[in-house]
Amino acid sequence: MKFGINIFPTAGPEDKSAASHFADSLRLAELAEELEFDHVKTVEHYFARYGGYSPDPVTFLAAVAARTRRIRLVTGAVIPAFTHPVKLAGKLAMLDNISQGRLDVGFGRAFLPEEFAAFGIPLDESRPRFEEGVEACRRLWAQENVTWKGCFHSFGPVTLLPRPYQRPHPPILVATAVSPESCAAAGRAGHGLMMVPSINSADKVREMLALYRKAWSDAGHGPSEGAVHMTYNCYVAEDRAEAVRLGRAYSEFTGRALAEAVASWSTTRSSGYQGYEKIPERAGRADFDRQLAEHKVLVGDPDQVLESLGQIKALFGDVTISLQVISGNQPAAESERTMRLFAEHVTPYAP
């Protein structure tokens with residue numbers, strides 16, 4: 001297993017200033033490099049406490065690149081629907097060069113109705129815009145004199161500058177929530193996969209992974225170890241009871257931020273998001289004790305976290321774990337403690 005940190009803010013001005021959030025997050029990114037974590041990842045969201053302090057992953061990761069030398073930088077994820085592909089491909093190629101080839105590009109569809117409304121994008125166009133945006137970026141990176149005539153954008157012939165540092169392009173990952181079809185498509189294309197296991201049953205996650213890995217293998221791609229990124233809320237303390245008490249509090253804070261962000265799904269419907277009208281109810285009744293028992297959060301003392309990782313490995317095989325160490329607006333000192341305990345007492349003994 002590989003381990004990295006996921007900077008997913010769950011705060012607004014009433015909780016913490018943006019300047020404080022970024023200062024703390026950049027220090028944690030530097031610490032991740034010092035502790036030899038694999039990657040730093042961050043999200044793209046707008047407006048809500050749920051991720052809204054991170055509207056541009058590229059800007060944050062460029063700052064991380066300037067402060068680090070080894071750790072990989074992961075967009076988790078950028079949203080093609082909200083940016084012209086020429087602009088998006090150019091920004092990411094620039095970051096790939098600034099970091100001298102340390103970039104992994106994660107793409108996502110987005111799912112919050114207010115974000116689509118602000119950009120004037122219909123929710124029903126989410127999937128085709130996502131698919132078109134990913135492929136347009138890939139071609140702009142890999143080819144010269146690109147001409148593109150899609151459903152939403154037309155351009156060319158153009159040759160993108162700068163060319164990516166990694167050839168033919170940075171590794172591509174795609175985010176999926178509940179769609180087995182998305183997993184199979186990612187496997188066929190040779191893309192990595194980003195998942196949040198806590199939103200599905202273990203059986204559902206295993207089904208999606210099986211489709212992904214079979215499609216990957218059938219397409220003739222090489223070894224896929226580490227190509228699946230899974231994100232988990234993480235809180236580690238030396239005292240198990242303290243870890244569970246505080247981990248519960250911060251998870252519940254994050255749950256409230258999510259519930260606020262998805263509230264409009266109770267009155268929104270889209271053919272591209274079947275079943276999402278149930279999200280507000282699910283967000284409102286998240287059960288921390290059940291998540292802990294089912295190893296959907298990595299909370300506890302180091303031994304308890306190691307036990308959970310063993311179960312995750314047994315269920316899902318060799319995956320890359322992204323640790324959400326700041327969710328719930330916890331103090332940066334506690335995030336740092338989690339990272340140090342994890343690096344010293346968990347990583348060396350992980351399955």
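Residues numbered from 1 in each chain as written. Predicted model: local features only at pLDDT ≥ 70, side-chain atom pairs only at ≥ 80, totals over all residues. Heavy atoms only, no water.

Visitor: Would you mind going over the overall build of the chain with me for this structure?
Guide: Along the chain, the regular secondary structure elements total 12 helices and 11 strands. The C-alpha radius of gyration computed for the chain amounts to 19 Å, which stays within 12% of the reference 20 Å derived for 351 residues, consistent with globular compactness. Projected onto the principal axes, the alpha-carbon positions of the chain cover approximately 60 × 45 × 45 Å. Scored against the burial criterion, the 351 residues of the chain give a buried share of 55%. Considering only intrachain contacts with a sequence separation of at least 6, the fraction spanning at least 24 residues in the chain is 73%. As displayed, the chain offers around 14,900 Å² of accessible surface, 51% of which is attributable to carbon and sulfur atoms. A gap of 5 Å separates the mean positions of the 38 positive and 42 negative side-chain charges of the chain. (Helix = DSSP H or I, 4+ residues; strand = E, 2+ residues; numbered from the N terminus. Rg over C-alpha atoms; globule rule 2.2 N^0.38 Å. Buried < 20%, exposed > 50% of the residue type's maximum accessible area, 1.4 Å probe, protein only. Contact = heavy atoms within 4.5 Å. Areas by Shrake-Rupley, 256 points an atom, 1.4 Å probe, with all protein chains shown as cover. Lys, Arg positive; Asp, Glu negative; His and termini not counted. Charge placed at Lys NZ, Arg CZ, Asp CG, Glu CD.)

Visitor: Honestly, the pattern of salt bridges in this entry has me stumped. Any pointers?
Guide: Pairing between side chains of opposite charge can happen when the charged atoms of each approach one another. Per the counting criterion, the structure on display carries 17 salt bridges. As a salt-bridge pair, Arg-49 and Glu-14 come within 3.9 Å of each other at their nearest N and O atoms. Placement of the pair is Arg-49 in the loop between strand E2 (39-42) and helix H2 (57-67) and Glu-14 in the loop between strand E1 (2-7) and helix H1 (18-34), with a sequence separation of 35 residues. Judged by its relative accessible area of 15%, Arg-49 falls in the buried class. Where Asp-24 meets Arg-27, a salt bridge forms, and the shortest distance between an N and an O atom there is 2.3 Å. You can see Asp-24 and its partner Arg-27 sitting in helix H1, 3 residues apart, about one turn around the helix. A single network of salt bridges, built from pairs that share partners, joins Glu-14, Asp-15, Arg-49 and Glu-260. (Salt bridge = Lys/Arg side-chain N within 4 Å of Asp/Glu carboxyl O.)

Visitor: I'm lost on the nonpolar core in this one. Help?
Guide: Within soluble globular proteins, side chains that are nonpolar tend to cluster in buried spots. Membership of the largest hydrophobic core comes to 69 residues, with the highest contact counts inside it found for Val-40, Phe-107, Trp-141, Met-230, Ile-321 and Phe-342. If one sorts the elements of this core by residue count, helix H5 (residues 126-142) sits on top with 6 residues. In this structure Val-40 touches Ile-5, Ile-7, Ala-29, Ala-32, Phe-60, Leu-61, Val-64, Ile-71, Arg-72, Leu-73 and Val-74, once residues within four positions along its chain are discounted. Counting residues in hydrophobic clusters, the runner-up holds 21 residues, among them Val-43, Ile-121, Tyr-276 and Ala-283. (Core = buried A, V, L, I, M, F, W, Y, C linked by side-chain atoms within 4.5 Å.)

Visitor: Quick question: what am I supposed to make of unusual backbone geometry here?
Guide: Of all residues except glycine, most have a negative phi; of all peptide bonds, most are trans. The omega torsion across Gly-76 and Ala-77 is 20 degrees, close enough to zero to call that bond cis. Inspection of the secondary structure assignment puts Ala-77 in strand E3 (residues 72-78). In the segment running from Arg-167 into Pro-168, the intervening peptide bond is cis, with an omega of 5 degrees. Position of Pro-168 among the secondary structure elements: in the loop between strand E6 (154-158) and strand E7 (172-175). A positive phi is found at Ala-110, a non-glycine position, where the angle reads about 75 degrees.

Visitor: Looking at this model, I keep getting lost on helix H11 (residues 302-316). Mind explaining?
Guide: Since the α-helix turns once every 3.6 residues, residues separated by three or four places project in the same direction. Between its first and last C-alpha atoms H11 spans 21 Å; for 15 residues at 1.5 Å apiece the expected length is 21 Å, and the two agree. Pro-302, Gln-304, Val-305, Leu-306, Ser-308, Leu-309, Ile-312 and Phe-316 are the residues of H11 that are buried. Positive backbone phi, at 80 degrees, marks Gly-317, one or two positions downstream of H11. (Expected span 1.5 Å × (residues − 1).)

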